[in-house]
Amino acid sequence: MEPLEGATTVERMLLAQAKSMRTPANGSIELLPLCNMNCDMCYVRLSREEMERQGRLRTADEWLEIGRQMKDAGVLFLLLTGGEPFLFPEFRRLYLGLREMGMILTINTNGTLIDEDLAEFFGKHKPRRINITLYGTDEETYADLCHYPGGYEKTLRGIRLLREHGVDVRVGGSIVRANKDDLGKLLDIEEEYGVPVRVDTYMMPAVRERELPYNMQSRLEPEEAARARVYAWKREMGPELFPQYVRQLIERADHPEPKEEKPGHMACMAGQCSFTINWQGEMRPCVILSSPAVSVFDAGFGAAWRHIVEETGKILLNAKCSACHLRHLCRTCAASALYETGSYDGVPDYMCRYAEESLRMLKEEWKQIEVHTQGKIQESIQDTMQENIQGKVRDGQDISDR
């Protein structure tokens, strides 16, 4: 889930200004790679043994020192994530220290470790938001996909407790093979619990699955993912907004602005006003990319940021992608290109099929919208005619004379 998904107009203005000036306004810290769950599609989680072979966790004091350097550099928005961040030793002390520096904090969590005490803590010391990922709508999915029996009810309990303490919560869903039939029920959570629900149907290939064909990976086939995407849009936007959105997307695809095919630079905030720091202290442009990377503990935050800006500017995407008429429907970025193809300038077949099926589904939806609209128009005409006839009858006119 994006750290500033649902950003306000003011927040977006601040980020746009920071991007133009290459100022690090928005970042995330991956506090640890450990998690109490072990989801099939996860590209972050390590076991404790795997983590210890790669390095050690940094202390709260070490992160607070980096926090002071971030503050001096202009960082305003900060996401705390993992792994599962609530497993980090002295999490509360670190959270409060960063908050006292003026950081606007968001937290990504699976929600299973939130109890009354932790919910009360956040009620007193509110974050900008807590993002909770819901991986399914029953215990069977949590057992099969996350290998964490009982996780579903624990997550719902966490959502309820946070809401009771007035904490802003957003629920995110990751749709894969194991939970694709839960999509409708997952979106129902929004009405039932009074929290926004946003689902992601595109999953990066998990590290353990990157060499496998699509049909052997835990994520959906691209066509399945696209169909789930359009269904989710329809549910999230509702009957008034969705038709407008569909029409705009189809119009952009059918009448694209002419663009010259040339390698494109990264268009997102990564490496321009946004960064991530992993649990070992390596700063990177975003949480997905493993390079460019530089240690903030060795170089210092300011020098690390300047290095990331310079190196990110050298990353170029494929020229074909930059001029594609489906670019607005495609999720291709430097990270997805790299992990789908092995190269920043690769053209991911998965993403092409994902975008093509998205457009096909949108056109199918538009046909249904047109049929429905015509039906409503006919009903309206008939109702008006019937009202006119009834009015004339009431006025004593002989309608046969017409």
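Residues numbered from 1 in each chain as written. Predicted model: local features only at pLDDT ≥ 70, side-chain atom pairs only at ≥ 80, totals over all residues. Heavy atoms only, no water.

Participant: Looking at this structure, how should I read the packing of aromatic side chains?
Facilitator: For any pair of aromatic rings, the description consists of the separation of the ring centres together with the inter-plane angle of the planes. Within this structure, the stated rule accounts for 16 aromatic pairs. Taking NZ or CZ as reference, R92 lies 5.0 Å from the ring centre of F121, over its face. Against the face of Y350 rests R219, its NZ or CZ located 3.9 Å from the ring centre. (Phe/Tyr/Trp six-rings, centres within 6.5 Å; stacked < 30°, edge-to-face > 60°. Lys NZ or Arg CZ within 6 Å of the ring centre and 35° of its normal.)

Participant: Sorry if this is basic, but what is going on with the nonpolar core here?
Facilitator: Grouped burial of nonpolar side chains is what soluble globular proteins tend to show. Counting 107 residues, the largest nonpolar core has L31, M70, L98, F122, L162, M283 and F301 as its most contacted members. Per-element tally for this core: the top contributor is helix α9 (residues 222-254), with eleven residues. If sequence neighbours within four positions are ignored, M283 has contacts with F275, T276, I277, P292, A293, V294, V296, F301, A304, W305 and I308. Counting residues in hydrophobic clusters, the runner-up holds five residues, among them L15, A18, A25 and C273. (Core = buried A, V, L, I, M, F, W, Y, C linked by side-chain atoms within 4.5 Å. Buried < 20%, exposed > 50% of the residue type's maximum accessible area, 1.4 Å probe, protein only. Helix = DSSP H or I, 4+ residues; strand = E, 2+ residues; numbered from the N terminus. Contact = heavy atoms within 4.5 Å.)

Participant: Would you explain the pattern of salt bridges in this entry?
Facilitator: Oppositely charged side chains can pair when the atoms bearing their charge come close. All chains considered together, the criterion is met by 26 salt bridges. The partner of D200 in a salt bridge is R331, and the shortest N-O contact between them spans 3.1 Å. Of this pair, D200 sits in strand β6 (residues 197-200) while R331 sits in the loop between α12 (319-322) and α13 (334-341); the two residues are 131 residues apart in sequence, bridging distant segments of the chain. Looking at D200, the relative accessible area reads 26%, which means it is partly exposed. Of the residues examined, R331 reaches a relative accessible area of 31% and is grouped as partly exposed. Measuring nitrogen to oxygen at the nearest pair gives 2.7 Å for the salt bridge that ties E340 to R219. Within this pair, whereas E340 is found in helix α13, its partner R219 is found in the loop between β6 and α9, the two being separated by 121 residues in sequence. Beyond isolated ion pairs, a larger network of salt bridges with shared partners links R177, K180, E221, E223, E224, D349 and R353. (Salt bridge = Lys/Arg side-chain N within 4 Å of Asp/Glu carboxyl O.)

Participant: When you look at the pairing of strand β2 (residues 77-81) in this model, what are you seeing that I'm missing?
Facilitator: On a regular strand, each side chain points to the face opposite its neighbour's, so the side chains alternate between the two faces of the sheet. The buried fraction of β2 amounts to five of the five residues, a majority that puts the element mostly inside the structure. Of the two faces of β2, the one lined by F77, L79 and T81 and the one lined by L78 and L80 are each fully buried. Sheet topology note: the β2/strand β3 (residues 104-109) ladder contains four bridges and is parallel. Among the inter-strand pairings, L78 is bridged to a residue of β3, identified as L105. After leaving β2, the chain enters helix α4 (residues 91-100) and then returns to the sheet as β3, a path that is right-handed. (Pairing = 2+ DSSP bridges. Right-handed = clockwise from strand over helix to strand, strands pointing away.)

Participant: Honestly, the environment of G67 in this entry has me stumped. Any pointers?
Facilitator: With respect to the secondary-structure elements, G67 resides in helix α3 (residues 60-73). Relative accessible area serves as the criterion here: at 0%, G67 is assigned to the buried category. Those residues within four positions of G67 in sequence are excluded, and the remaining contacts are L98, M101 and M103.

Participant: For this particular structure, what's the right way to read the sheet that holds strand β5 (residues 169-174)?
Facilitator: Strand pairing in a sheet relies on backbone hydrogen bonds. The paired strands run either parallel or antiparallel. Strand order across the open sheet formed by nine strands is β6-β5-β4-β3-β2-β1-β8-β9-β10, with mixed pairing between neighbours. For this open sheet the edge positions go to β6 and β10 (294-295), each flanked by a neighbour on one side alone. Judged from the five bridges that link them, strand β1 (residues 26-30) and β2 form a sheet pairing that is parallel. Across the sheet, residue G27 finds its bridge partner in β2, namely L78. Here α3 sits on the sheet in contact with β1, β2 and β8 (274-277), set at roughly 165 degrees to β8. Running at roughly 150 degrees to β6, helix α8 (residues 183-193) makes contact with β4 (129-134), β5 and β6 of the sheet. (Axes fitted to C-alpha atoms, helices over the stretch in contact; angles between N-to-C directions.)

Participant: Before we go on, may I ask you to explain the confidence of the model for the protein in this structure?
Facilitator: Reading predicted coordinates in detail is not appropriate for stretches of low pLDDT. Confidence in the prediction of the protein, expressed as mean pLDDT, is 90, and 91% of residues score 70 or more. Here residues 397-402 is a poorly scored stretch, pLDDT under 50, and it has five contacts once near neighbours within four places are set aside; other chains count. (pLDDT = per-residue confidence, 0-100.)

Participant: Looking at this structure, I do not really get the packing of α4 against helix α5 (residues 116-124). What am I missing?
Facilitator: Where α4 contacts α5, the two axes come as close as 12 Å, and the packing angle between them is 10 degrees. With respect to each other, α4 and α5 are oriented roughly parallel. Contacts between α4 and α5 involve F91, R92, Y95 and L96 from the former and D117, L118, F121 and F122 from the latter. In terms of residue class, the contact of α4 with α5 is built from six nonpolar, no polar and two charged. (Parallel < 35°, antiparallel > 145°, perpendicular 65-115°, else oblique. Nonpolar A, V, L, I, M, F, W, Y, C, P; charged D, E, K, R; others polar.)

Participant: Which parts of the structure should I look at to understand the packing of α3 against α4?
Facilitator: Describing two packed helices takes the angle between their axes plus the distance from one axis to the other. Relative orientation of the contacting elements α3 and α4 amounts to 15 degrees, with a least axis distance of 10 Å. The angle between α3 and α4 places the two elements in the roughly parallel class. Between α3 and α4 the crossing geometry is right-handed. Contacts from A60, D61, W63, L64 and G67 in α3 reach R93, L94, G97 and L98 in α4. When grouped by side-chain class, the residues that make up the contact of α3 with α4 number five nonpolar, two polar and two charged. (Left-handed = near helix turned anticlockwise from the far one by under 90°.)

Participant: What am I meant to see in the side chain of N179 here?
Facilitator: Its location among the elements puts N179 in the loop between β5 and α8. A relative accessible area of 1% places N179 in the buried class. A polar side-chain atom of N179 sits 2.8 Å from the main-chain carbonyl oxygen of S174. (Polar contact = N/O pair within 3.5 Å; in protein donor to acceptor, adjacent residues only side chain to side chain.)

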